[in-house]
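Fold and geometry: a report
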There are 2 protein chains.
Amino acid sequence: MYERKIPVDLDCPLRLTMSLIDSKWKSCILDELRHRPLRPSELHRQLPEATPRVLDLQLRELVEDGLVAKTIYAELPPRSEYSLTELGASLLPLIDAMIAWGQSHADLFERKYGPRG
Amino acid sequence: MYERKIPVDLDCPLRLTMSLIDSKWKSCILDELRHRPLRPSELHRQLPEATPRVLDLQLRELVEDGLVAKTIYAELPPRSEYSLTELGASLLPLIDAMIAWGQSHADLFERKYGPRG
DNA sequence: TCTCGTACCGAAAATTTTTTCGGTATACCC
DNA sequence: GGGTATACCGAAAAAATTTTCGGTACGAGA
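Residues numbered from 1 in each chain as written. Chains lettered and ligands numbered in written order. Predicted model: local features only at pLDDT ≥ 70, side-chain atom pairs only at ≥ 80, totals over all residues. Heavy atoms only, no water.

**A short note on the side chain of R15 of chain B**
Tracing the chain through its elements places R15 of chain B in helix α1 (residues 13-21). Exposure remark for R15 of chain B: the relative accessible area of 11% places this residue in the buried category. In this view, R15 of chain B contacts K24, W25, C28 and E49 of chain A together with D9 of chain B; residues no more than four positions away in its chain are not counted. (Helix = DSSP H or I, 4+ residues; strand = E, 2+ residues; numbered from the N terminus. Buried < 20%, exposed > 50% of the residue type's maximum accessible area, 1.4 Å probe, protein only. Contact = heavy atoms within 4.5 Å.)

What follows is the structure, encoded as structure tokens:
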């Protein structure tokens with residue numbers, strides 16, 4: 001069984017929040033789940049750059065932290081769905097603020113780091 | 001010379017923002033610089049859990065990304081100061097939102113992961 | 001002189017994260 | 001049977017991050 005290496009940081013509110021969302025795909029996962037629950041395969045289609053494995057690992061931590069809920073349907077082929085909990089949804093304003101900041105400064109970084117320098 | 005391994009993510013506004021602040025101490029550094037410029041040694045005193053080396057490395061990326069400005073004073077012993085740029089300061093509302101979220105949910109995670117489990 | 005402090009940086013080690021590859025099991029369709 | 005697909009997970013490899021350790025250089029003070 002996978003176990004997270006670094007526990008959630010309880011000492012500082014800023015690092016507590018960061019430690020919940022600062023891995024490569026967690027914020028994207030929360031963003032994708034904002035409208036409706038998604039199955040793992042659907043999530044992978046939405047985030048094709050992320051491997052199914054890493055989505056699985058990060059979903060597990062999100063569930064452990066209480067930001068995402070997992071529902072297993074006793075069907076064959078197996079089906080499961082991941083959805084935002086109330087706690088996870090309470091992070092959406094933060095996600096929105098990050099998206100907004102990124103949008104308003106995208107051109108700056110595009111010029112800075114983009115293909116045409 | 002140090003070179004960042006992963007370039008800033010230009011494809012998605014959310015990951016662009018995250019890629020600027022998602023290493024271990026960057027958000028804390030921005031938070032510490034909010035009131036006044038700090039010298040590296042002062043910053044280390046404010047964040048004693050971070051090694052001077054990692055603060056140095058992350059400051060360098062923050063400067064490269066334009067979030068922090070470095071001023072070198074031609075004195076002996078050498079003195080330098082790091083301060084927020086306008087761009088860096090524009091992230092403070094985001095930092096504030098993360099601090100606020102962390103504060104309002106600290107007790108929950110304290111119960112969940114704290115010493116008395 | 002010796003020690004402390006400043007700022008900085010290289011190199012290697014250690015740690016953490018992510019990827020890759022393979023495997024479990026089931027059902028569907030051709 | 002052989003192909004698709006679903007979800008999940010272990011193990012090892014690869015990659016990235018952070019730590020540790022050492023070093024540069026200079027001045028202040030005991």
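Alright, that's what it looks like, and here's the rest.
**So, the confidence of the model for chain A**
Here chain A averages 91 in pLDDT, and 94% of its residues register 70 or above. The spread of mean pLDDT over the elements of chain A runs between strand β1 (residues 68-73) of chain A, the lowest at 93, and helix α5 (residues 86-89) of chain A, the highest at 98. (pLDDT = per-residue confidence, 0-100.)

**A short note on the protein's contact with DNA strand D**
Lining the immediate environment of DNA strand D, one finds 21 residues, of which S41, R53 and K70 of chain A together with K24 and Q58 of chain B sit closest. Close to the protein, within 4 Å, the atoms of DNA strand D belong to sugar or phosphate groups at a rate of 75%. In this structure, R39 of chain A approaches DNA strand D through a side-chain N or O atom, which is 3.0 Å from a sugar or linking oxygen. Among the secondary structure elements, those contributing two or more residues to the surface near DNA strand D are α3 (40-46), α4 (52-64) and β2 (79-84) of chain A together with α4 (52-64) of chain B. Residue composition of the surface near DNA strand D, grouped by class: seven nonpolar, five polar and nine charged. (Near = heavy atom within 4 Å. Polar contact = N/O pair within 3.5 Å; in protein donor to acceptor, adjacent residues only side chain to side chain. Nonpolar A, V, L, I, M, F, W, Y, C, P; charged D, E, K, R; others polar.)

**A look at the interface of chain B and chain A**
Between chain B and chain A, the residue contacts involve 42 residues of the former and 42 residues of the latter. With both sides pooled, the region where chain B packs onto chain A buries about 3500 Å², and carbon together with sulfur makes up 74% of that total. Along the contact surface separating chain B from chain A lie two salt bridges. Put simply, E49 of chain A and R15 of chain B hold a salt bridge, and the shortest N to O gap is 3.2 Å. Across the chain B-chain A interface, the total number found is 14 residue pairs in polar contact (both at pLDDT 80 or more). Elements that contribute at least two residues to the side of chain B that touches chain A include exactly α1, α2 (26-32) and α6 (92-113) of chain B. At 15 residues, the largest contribution of residues to the side of chain B that touches chain A is made by α6 of chain B. Counted by class, the side of chain B that touches chain A contains 23 nonpolar, eight polar and eleven charged residues. (Buried area = accessible area lost by both parts, 1.4 Å probe. Salt bridge = Lys/Arg side-chain N within 4 Å of Asp/Glu carboxyl O.)

**Describing the packing of aromatic side chains**
Taken as a whole, this structure holds four aromatic pairs over all chains when the rule is applied. Considering the side-chain rings of F109 of chain A and Y113 of chain A, the 6.2 Å spacing of their centres and the 20° angle between planes classify their relative orientation as stacked. Of this pair, F109 of chain A and Y113 of chain A are both found in helix α6 (residues 92-113), four residues apart, which corresponds to roughly one turn of the helix. Measuring from centroid to centroid gives 6.2 Å for W101 of chain B and F109 of chain B, while their planes differ by 45°, and the two rings are tilted. Judged by its relative accessible area of 0%, F109 of chain B falls in the buried class. Put simply, the rings of W101, F109 and Y113 of chain A pair up and form one aromatic cluster. (Phe/Tyr/Trp six-rings, centres within 6.5 Å; stacked < 30°, edge-to-face > 60°.)

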